[in-house]
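# Architecture and fold: a report
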Amino acid sequence: MGNNRTPVDLASIVSSRAADFIASEKYSAIQKKAIYDITACRTSQLGGHLQVCNTCSNTRQAYNSCRNRHCPKCQFIKKAKWIDKLSGNLPPVKYFHIVFTIPECLNALFYMNQKPAYDLLFRAAGKTLIQCAKNTRYLGANTGAVAILHTWGQTLVYHPHIHMIVPAGGFSEDQQEWIHSNKKYFLPVKVLSAVFRGILCNALQQAIDKESIRLPQQISSFKAIKEKCYATNWVVYSEKPFNTPQNLINYLGNYTHRVAIANERIIDHTGGMVSFWYKDYKSAGSRKKMTLDQDEFIRRFLQHVLPLRFSKIRYYGFMSLRKLQENVIQCSTLLNQENILPKLEGLSAYEVFRMLTNKDPHICSTCKKGSFIAIPVKTRDPD
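What comes next is a walk through the structure. (Residues numbered from 1 in each chain as written. Predicted model: local features only at pLDDT ≥ 70, side-chain atom pairs only at ≥ 80, totals over all residues. Heavy atoms only, no water.)

## Here we look at empty space enclosed by the protein
Short version of the rule: A pocket here means an open set of points on a 1 Å grid, computed over the protein atoms alone, that has protein on both sides within 12 Å along at least five of seven lines. A cavity is instead a set of points where a 1.4 Å probe fits but cannot get out; residues with an atom within 4 Å of a point line either one. Grid points are joined across faces, edges and corners, and a volume is the space filled by probe spheres set on the points. Going along the chain from the N terminus, every DSSP run of H or I of four or more residues is numbered as a helix, and every run of E of two or more is numbered as a strand. Basically, the charged four are Asp, Glu, Lys and Arg, the nonpolar ten are Ala, Val, Leu, Ile, Met, Phe, Trp, Tyr, Cys and Pro, and anything else, Gly included, counts as polar.
Under the criterion given, the structure shown has one cavity of 30 Å³ or more. In this structure, the largest cavity spans a volume of roughly 120 Å³. In this structure, the largest cavity is lined by 14 residues; those nearest its centre are His70, Trp152, Arg258, Val259 and His304. It is strand β4 (residues 144-152) that contributes the most residues to the lining of the largest cavity, four residues altogether. Considering only residue class, the lining of the largest cavity consists of seven nonpolar, four polar and three charged.

What follows is the structure, given as structure tokens:
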């Protein structure tokens, strides 16, 4: 028993092949747990409660969520509360969106060594940004950033990259002045690309020498991969700045707690085939349809299940969490601007849902007068 809101969603696709994927030796324990959680989410497997209206006796079943961070059903409240908390810790300035991505020749190495490789990717992107911003030829300021890891492209292919939200400027060395960046760009992207490539390749070489990162079986040394890296133009992408912190906050919602594919993008699942929408950025972002075999669709999705307890959101420079509030106050003082005040702090998930949707899930949908009272339902015994 479940309560899916759409006829075709990720859970129904995964559940149709769950037993075979869980039995397979190709997938890790964390990937198999994601399969179980996504298929069990909001079903009797996780228990729940029966809701009865105290006025008209209307009843409905509600089941518990899995809370797995890879489940598309479980991100709405998490995302809203995180963004609201961050909004109170953002300097009141314009922001740039900068994306650090790696060439395809590193994909196999990264997938084999996900946790250490992703850590190095974060560090390289953060070091590149901070180092280039301090250079007086470009900005000459101590800047900061919120960094978010994504590992997928629109068609679910493996594509590790870092999204960075960067304030348009930074502090002087003594923190007594706010230095504004260029209005059209934060730093030259060609400079960022070259520095990023050098820092990441050197970090990977050191990690391989220390044997904290393993090479793919068919590769005898990192030299061959490194030559391909330097034969490829690395791309650091930068979008135009956001005019207000609120615009940034709305934009952040599209990146922070996103999973590899949202249920809204899935079109059909019949005859062992899955169809979904994707944006083709080579065609100006036009929407197109892709159809994959269900096993290939699930395989692609599982590539993006992150290692256990891996933090996919990190903070750099003066936006590091240790001194973030202190630095934000200083920035606001220098710019004579007020910060955004969080609205959801201390609220329960129910209160957050009601505030964001203007709907009260406790009000009876039939009589519109009574309130639902919860009666616990036992978790289904395992087969």
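## Looking at helix α11 (residues 324-335)
What counts here: Given the number of residues in a helix, its expected span is that number minus one, multiplied by 1.5 Å. Burial classes: relative accessible area under 20% of the type maximum marks a residue as buried, over 50% as exposed, and values in between as partly exposed (1.4 Å probe, protein chains only). The directions considered for the arc run from the helix axis to the C-beta atoms. Contacts are residue-level and defined by heavy atoms, with any inter-residue pair within 4.5 Å sufficient.
Over its twelve residues, α11 runs 16 Å from end to end, which matches the ideal 16 Å to within 8%, given 1.5 Å per residue. When we look at burial in α11, the residues that qualify are Leu324, Asn327, Val328, Cys331 and Ser332. Burial along α11 is one-sided: seen end-on, the buried residues are contained in an arc of 140°. Across from the buried face of α11, at angles greater than 90 degrees, the exposed residues are Gln325, Glu326, Ile329 and Thr333. The inward-facing, buried residues of α11 abut β6 (169-171) and β7 (178-180).

## So, the state of the cysteines
Selection criterion: Note on terminology: disulfide denotes any pair of cysteine sulfur atoms within 2.5 Å.
Applying the stated criterion across every chain, the model contains zero disulfides. Of all cysteine sulfurs, the one in Cys41 lies closest to Cys74, which takes part in no disulfide; the gap is 3.5 Å. Exposure remark for Cys74: the relative accessible area of 9% places this residue in the buried category.

## Re the sheet that holds strand β3 (residues 95-101)
Put simply, the rule reads: In this scheme, strands are said to pair when DSSP sees at least two bridges between them. The axes are straight lines fitted to the C-alpha atoms, using for helices just the contacting stretch, and the angles between their N-to-C directions are given from 0 to 180°.
On the basis of which strands lie adjacent, the open sheet formed by five strands has the order β8-β3-β5-β4-β12 and antiparallel pairing. Taken across any chain shown, the strands that pair with only one partner, and hence form the sheet edges, are β8 (236-242) and β12 (313-317). Here the average twist between neighbouring strands, direction ignored, is 20°. Here five bridges tie β3 to β8, and the two strands are oriented antiparallel to one another. Residue pairing in the sheet places Val99 in a bridge with Tyr237 of β8. Along the sheet, helix α7 (residues 189-209) contacts β3 and β8; its crossing angle with β8, the most-contacted strand, is approximately 135°.

## Observations concerning the packing of aromatic side chains
How we decide: In this analysis, rings of Phe, Tyr and Trp, with Trp reduced to its six-membered ring, are considered paired at centre separations within 6.5 Å, and the interplanar angle assigns stacked below 30 degrees, edge-to-face beyond 60, and tilted for intermediate values. Geometrically, a charge over a ring is one whose NZ (Lys) or CZ (Arg) sits within 6 Å of the ring centre while staying within 35 degrees of the ring normal.
Under the criterion given, the structure shown has 13 aromatic pairs. Between the aromatic rings of Phe196 and Trp234, the centroid separation amounts to 5.5 Å while the plane-to-plane angle is 70°, which identifies the pairing as edge-to-face. One end of the pair, Phe196, is in helix α7; the other, Trp234, is in the loop between α8 (222-230) and β8, with 38 residues separating them in the sequence. In this structure Phe196 comes out as buried when scored by relative accessible area, which is 0%. With a relative accessible area of 7%, Trp234 lands in the buried category. An aromatic cluster of at least three residues, connected via ring pairs, comprises Phe110, Tyr118, Phe122 and Phe310. Sitting over the ring of Trp277, Arg287 keeps its end group 4.0 Å from the ring centre. In this structure, Arg314 packs its charged tip against the face of Phe310, placed 4.8 Å from the ring centre.

## Thoughts on the sheet that holds strand β11 (residues 286-293)
The three strands are arranged β9-β10-β11 in an open sheet whose pairing can be described as antiparallel. Either end of the sheet is taken by a strand with one partner, and the two such strands are β9 (266-270) and β11. Each neighbouring strand pair of the sheet contributes to a mean axis angle of 25°, computed without reference to strand direction. Inspection of the sheet shows β9 paired to strand β10 (residues 273-280) by four bridges, in the antiparallel sense. Residue pairing across strands places Asp268 opposite Ser275, the latter belonging to β10. Running over the sheet, helix α10 (residues 294-302) touches β9, β10 and β11 and is turned about 110° from β11.

## Here's the deal with the pairing of strand β2 (residues 59-63)
Direction of pairing for strand β1 (residues 48-53) relative to β2: antiparallel, over a ladder of five bridges. Looking at β2, one finds that Gln51 is bridged to Arg60. Joining the antiparallel neighbours β1 and β2 is a turn of five residues, in which Ser57 adopts a positive phi near 65°.

## Focus: the packing of α7 against α8
Applied cut-off: Each angle gets one of four labels, with under 35 degrees taken as roughly parallel, over 145 as roughly antiparallel, 65 to 115 as roughly perpendicular, and the rest as oblique.
Taken N-terminus to C-terminus, the directions of α7 and α8 make an angle of 175°; their axes are 11 Å apart at the nearest point. Judged on the interaxial angle alone, α8 and α7 are roughly antiparallel. Judged by residue contacts, Arg197, Gly198, Cys201, Asn202, Leu204, Gln205 and Ile208 of α7 engage Phe222, Lys226, Cys229 and Tyr230 from α8. Grouping the constituent residues of the contact of α7 with α8 by class yields six nonpolar, three polar and two charged.

## Quick notes on the pattern of salt bridges
Our working rule: The term salt bridge refers to a pairing of a side-chain nitrogen on Lys or Arg with a carboxyl oxygen on Asp or Glu at a separation within 4 Å.
Considering all chains together, one arrives at ten salt bridges under this definition. When the shortest N-O distance is used, the salt bridge between Asp280 and Lys288 registers 2.7 Å. The class of Asp280 is buried, set by a relative accessible area of 15%. Given the relative accessible area of 31%, Lys288 is considered partly exposed. The partner of Glu296 in a salt bridge is Arg300, and the shortest N-O contact between them spans 2.8 Å. Taken together, the residues span about one helical turn, with Glu296 and Arg300 both in helix α10 at a distance of four residues. By sharing partners, the salt bridges in this structure join Arg17, Asp20 and Asp295 into a single network.

The values reported here are purely geometric and, on their own, carry no functional implication.
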